[in-house]
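# Survey of secondary and tertiary structure
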Amino acid sequence: SDRISAMAKVLSAFGVKVEEKPDGMIVYGGAKIKGGGLVDSLGDHRVAMSAAIMSFFADSPVRIDNVAFINTSYPGFWDHLTSLTGFHD
């Protein structure tokens, strides 16, 4: 996947101002992380994990699509995230 583009879309979905560049991105800090919407990981397990962690800082719940493949690269991710945050689905 085009991870730069995918991360820029995810950050934008959370209300973060992002300027995508050919070899990276500029992320403008200070934004309140917004939830209440749908985030698509675009088939990238690293993007999905980033969105899952970011969702804990959002002002309302977030739904993240395409997360099943996280178990392929990091089988204990959800258990570890639960143990660190105390959050249960």
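Provided above is the structure to which this section pertains.
The notes below deal with the structure included here. Just so it is clear, the model here is predicted, and its values are computed rather than measured.

We now examine a nonpolar patch on the surface. On the surface, Ile53, Phe56, Phe57 and Phe87 cluster together into a nonpolar patch covering about 430 Å² of accessible area. Among the structural elements, Phe57 can be located in the loop between helix H2 (45–55) and strand S4 (63–65).

This next bit is on the side chain of Ser41. If you trace the backbone, Ser41 turns up in the loop between strand S3 (38–40) and H2. Take Ser41: its relative accessible area is 0%, and that puts it in the buried class. Here Asp65 takes part through its backbone oxygen, which lies 3.1 Å from a polar atom of the side chain of Ser41. Ignoring any residue separated from it by four or fewer positions in sequence, one finds Ser41 in contact with Val47, Ala48, Asp65, Asn66 and Phe69.

Another point: the nonpolar core. Grouped together as the largest cluster of nonpolar side chains are 21 residues, with contacts concentrated most on Phe14 and Val16. Of all the elements in the fold, those that place two or more residues in this core are helix H1 (3–13), H2 and helix H4 (77–85). Here the element with the most residues in this core is H2; it accounts for six residues. In this view, Val16 contacts Leu11, Val27, Tyr28, Ala31, Ile33 and Met54; residues no more than four positions away in its chain are not counted.

What counts as what
Residues numbered from 1 in each chain as written. Predicted model: local features only at pLDDT ≥ 70, side-chain atom pairs only at ≥ 80, totals over all residues. Heavy atoms only, no water. Patch = residues over 30% accessible without salt bridge, like charges linked within 9 Å, V, L, I, M, F, W, Y side chains within 5 Å. Areas by Shrake-Rupley, 256 points an atom, 1.4 Å probe, with all protein chains shown as cover. Salt bridge = Lys/Arg side-chain N within 4 Å of Asp/Glu carboxyl O. Helix = DSSP H or I, 4+ residues; strand = E, 2+ residues; numbered from the N terminus. Buried < 20%, exposed > 50% of the residue type's maximum accessible area, 1.4 Å probe, protein only. Polar contact = N/O pair within 3.5 Å; in protein donor to acceptor, adjacent residues only side chain to side chain. Contact = heavy atoms within 4.5 Å. Core = buried A, V, L, I, M, F, W, Y, C linked by side-chain atoms within 4.5 Å.

So, to be careful, I would describe these as geometric facts and stop short of saying anything about function.
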